[in-house]
Amino acid sequence: MWEKTALYLKLVAYVLNIIQEELGRAARTALSNRRARLFGPPVPPSRDRNIVIVGASFAGNRVAQLLTACLPPNSPYKVVVIEPNTHFQFSWVLPRLCVVEGHEHKAFIPYGGNVHDNPVGVLRWIRDRVVRITNETVQLKDSGEIIGYDILVIATGSGVDKGLPSRVNATDKRQGMGLMHNMQQRIKSASTVVVVGGGAAGVEIATDAQNLYPDKKILLVHSREAVMNRFGQGLQKAALEGLQSLGVEVILQDRLVQDESQPGMIFLKSGRQIQCDLVIDCTGQRPASSIISELSPASISPSGHLRVKPTLQLADEKLPNVYACGDVADTKTPNPNARSAMRQASVVAENILSIATGGKPRHRYENNWSDGVIKLTLGLTRSVTHYGDGKSELLFPGKETDEALMSAMCWSRMGQKPFEDPYMSSESDASVAKVPV
C-alpha cells in the first residue's frame, strides 16, 4: 500500500516539476527579451553562427521550439532545422490508423505551429536529408548544399526497414496516407492475420483488428515469456487479458523463421506452421545513427545508439559541440518514448542556450520513472494507462471514444488547428514541401 502511495506522490511531484520548469523558462525568456530591447539592438548585424538540428520528430522539434523561443533577440545564432518529411508524423497513433479507415490524414501534422521564425532570421527550415557530416559541416542529399555549424544536434530517432505500423517510411504526407490506406485494405481483405511482436505496436494493432473484424483470425507471435515484457507484470497481465478477451490467439516464446516462410504460410521456430493471408511485422526498430559513422565511428554503440555524456554531448572529446537526443541517444532509458525524448531535448536546448549566452553546458539528463508511463489501447474502446517505478505500478483502465485517439490533442500541442492542413488542399505537386521558412 505504501509503495503505491509513494508512486502517487511521485506523480504529483513530477507534474509540479514540469510546471515549474516551463514557468521558469518563460520568465527567463521574457527577461532576456526585455534586456535586449533596453540595452541592445533587436537583431544582431548578422546571424552567422549556426545551430544545426538534424531531424524534427519529438526530440528535434522540441529543441528547435525551445531555442527559437529562448535565444536572445540580439543573439548571433541561427537555428537550422533539416528534416526530410513534409509533416510531423505522430507515430503513437499509427497502429490504430492502419486499421480503421478515414483518419489516416490525422497522423501527419503540419510543421511550423510551435516553431517560428521570430525574431526574423532566427530560423531556417530545410526539407532535405543529411548524407554526410564532418567536424564543421553537414551536406544535404537533394540540393548538395554544404552548411557549416557551430553546434550540431543529432535527433534522427529510430526506424524500421518494413515501415508500418511502427514507422511510415515515406517523407510526403500523401504518400504516407496511401501506405496506411493500403494496410487498412490488406487487413480488411485478409481472413487470417499474423502479428509478429508483442510490444505496444503489436498489441494495439492486433486488438484493434480483432475488435473491428471479430470474424477474422488474428494471431500474435512474441519471442518473450510475456507481451509488453519491458513493463511491469500488471500491464503484462492486462495486455494479455485484453488480447485474449477479444479472441486474439497469443503465441509466446516462439518466433518467425523468415528464411522458411513462403506466400500464404509461415513457419515458427517451434515447428508450427500457420496458414495466413497477411503478416504484420512489429519488430526491429533500430537507432538511425549511421549518419555519424564517418565523423565518429567509436560513438556508435553495439546497439546502434550514439554514446553520450550526461550533458547529452557526444561521448567524443574531439566533438564537444555535437549533441544527441531522442531514440538515437544511448541514455539507457528503459522505455524510450516521446516523453523521454522531449525531456532530453530540453536538456540539450538548455545547454545550448547556456553556451549561446557565454556559459558552459551544465544541465544533465537522468532517467526518470516517468519515462515508463504508457497508455496502451486494447481494442477500439478500451485502454489502460500504466505508471511504474520498478518497485510498484499503477494501472488506470480507460474508455476510448475517439477512433483517432489523441490525434487532435497532438495537433493542438504542435500549434495547429485540428485537422486543417493547406498542404492537402493545394493544387501543387505532391513533392513540393509546405514547411516553415
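Here is what the cut-offs are and how they apply
- Residues numbered from 1 in each chain as written.
- Predicted model: local features only at pLDDT ≥ 70, side-chain atom pairs only at ≥ 80, totals over all residues.
- Heavy atoms only, no water.
- Helix = DSSP H or I, 4+ residues; strand = E, 2+ residues; numbered from the N terminus.
- Buried < 20%, exposed > 50% of the residue type's maximum accessible area, 1.4 Å probe, protein only.
- Contact = heavy atoms within 4.5 Å.
- Core = buried A, V, L, I, M, F, W, Y, C linked by side-chain atoms within 4.5 Å.
- Phe/Tyr/Trp six-rings, centres within 6.5 Å; stacked < 30°, edge-to-face > 60°.
- Disulfide = S-S within 2.5 Å.
- pLDDT = per-residue confidence, 0-100.
- Axes fitted to C-alpha atoms, helices over the stretch in contact; angles between N-to-C directions.
- Left-handed = near helix turned anticlockwise from the far one by under 90°.
- Nonpolar A, V, L, I, M, F, W, Y, C, P; charged D, E, K, R; others polar.
- Pairing = 2+ DSSP bridges.
- Salt bridge = Lys/Arg side-chain N within 4 Å of Asp/Glu carboxyl O.

Focus on the overall build of the chain
Phase 1: A count of helices and strands for the chain gives 9 helices and 23 strands.
Phase 2: Counting only residues that meet the buried cut, the chain has 51% of its 437 residues in that class.
Phase 3: Counting contacts in the chain only where the partners sit at least 6 residues apart, residues at least 24 apart contribute 67% of the total.

Details of the nonpolar core
Phase 1: Residues Ile133 and Ile154 are the most contacted members of the largest nonpolar core, which totals 107 residues.
Phase 2: Of all the elements, helix 7 (residues 338-356) adds the most residues to this core, at 8 residues.
Phase 3: By size, the runner-up hydrophobic cluster in this structure holds 10 residues, among which are Val194, Val221, Leu268 and Ile274.

Remarks on the packing of aromatic side chains
Phase 1: Evaluation of the coordinates by the stated rule reveals 7 aromatic pairs.
Phase 2: Ring plane angle 90° and centroid distance 5.6 Å describe the contact between Tyr387 and Phe396, whose orientation is recorded as edge-to-face.
Phase 3: Judged by its relative accessible area of 17%, Tyr387 falls in the buried class.
Phase 4: Judged by its relative accessible area of 32%, Phe396 is partly exposed.

Describing the state of the cysteines
Phase 1: Enumeration over the complete set of coordinates arrives at 0 disulfides.
Phase 2: For Cys98, which is in no disulfide, the shortest distance to another cysteine sulfur is to Cys282 and amounts to 9.0 Å.

Regarding the environment of Arg96
Phase 1: Structurally, Arg96 can be placed in helix 3 (residues 94-97).
Phase 2: Here Arg96 falls in the buried class, since its relative accessible area comes to 2%.
Phase 3: The sequence separation of Arg96 and Thr377 amounts to 281 residues, and the corresponding C-alpha distance is 8.8 Å.
Phase 4: Among residues more than four places away in sequence, those in contact with Arg96 are Asp208, Thr377, Gly379, Leu380, Asp402, Glu403 and Leu405.

Section: the confidence of the model for the chain
Phase 1: On average, residues of the chain score 91 in pLDDT, and 90% of them are at 70 or above.
Phase 2: Here residues 427-437 scores under 50 on pLDDT; set against residues more than four positions off or in separate chains, the count is 22 contacts.

What about the packing of helix 2 (residues 58-70) against helix 7?
Phase 1: Between helix 2 and helix 7, the shortest axis-to-axis distance is 8 Å and the interhelical angle comes to 35°. Remark: the crossing between helix 2 and helix 7 carries right-handed chirality. Between helix 2, through Phe58, Ala59, Arg62, Val63, Leu66, Leu67 and Cys70, and helix 7, the contact on the second element is made entirely by Ala338, Ala341, Met342, Ala345, Ser346, Val348, Ala349, Ile352 and Leu353.
Phase 2: When the residues that make up the contact of helix 2 with helix 7 are grouped by side-chain class, the tally is 14 nonpolar, 1 polar and 1 charged.

Some words on the sheet that holds strand 23 (residues 393-399)
Phase 1: On the basis of which strands lie adjacent, the open sheet formed by 3 strands has the order 21-22-23 and antiparallel pairing. A strand with exactly one partner marks an edge of an open sheet, and here the two such strands are strand 21 (374-377) and strand 23. When strand polarity is set aside, the average angle formed by the axes of neighbouring strands in this sheet is 20°.
Phase 2: In this sheet, strand 23 lies alongside strand 22 (residues 382-388) in antiparallel orientation, the contact comprising 7 bridges. Following the sheet pairing, Val384 is matched in strand 23 by Pro397.
Phase 3: Running at roughly 30° to strand 23, helix 6 (residues 233-246) makes contact with strand 21, strand 22 and strand 23 of the sheet.

Things to note about the sheet that holds strand 1 (residues 49-54)
Phase 1: Pairing is parallel across the open sheet formed by 5 strands, whose spatial order is 5-2-1-9-19. One side of each edge strand has no neighbouring strand; the edge strands of this open sheet are strand 5 (123-126) and strand 19 (322-324). When strand polarity is set aside, the average angle formed by the axes of neighbouring strands in this sheet is 15°.
Phase 2: Bridge count for strand 1 against strand 2 (residues 77-82) is 6 bridges, and the pairing is parallel. Pairing of Arg49 across the sheet is with Tyr77, part of strand 2.
Phase 3: Against the sheet, helix 7 engages strand 1, strand 2, strand 9 (151-154) and strand 19, with an angle of about 160° to strand 19.

Examining the environment of Ala200
Phase 1: Relative to the helices and strands, Ala200 resides in helix 5 (residues 200-212).
Phase 2: Taking relative accessible area as the criterion, Ala200 reaches 26% and is therefore assigned partly exposed.
Phase 3: Distance from Ala200 to Lys375, taken between C-alpha atoms, is 9.1 Å for residues 175 residues apart in sequence.
Phase 4: For Ala200, the contacting residues outside a window of four places in its chain are Met228, Ile374 and Leu376.

Description of the pattern of salt bridges
Phase 1: For the structure on display, the rule yields 15 salt bridges.
Phase 2: Across the pair Lys217 and Glu249 runs a salt bridge, and its minimum N-O distance is 3.0 Å. Here Glu249 lies in strand 13 (residues 249-252) and Lys217 lies in strand 12 (residues 217-222), a separation of 32 residues in the sequence.
Phase 3: Of the residues examined, Lys217 reaches a relative accessible area of 37% and is grouped as partly exposed.

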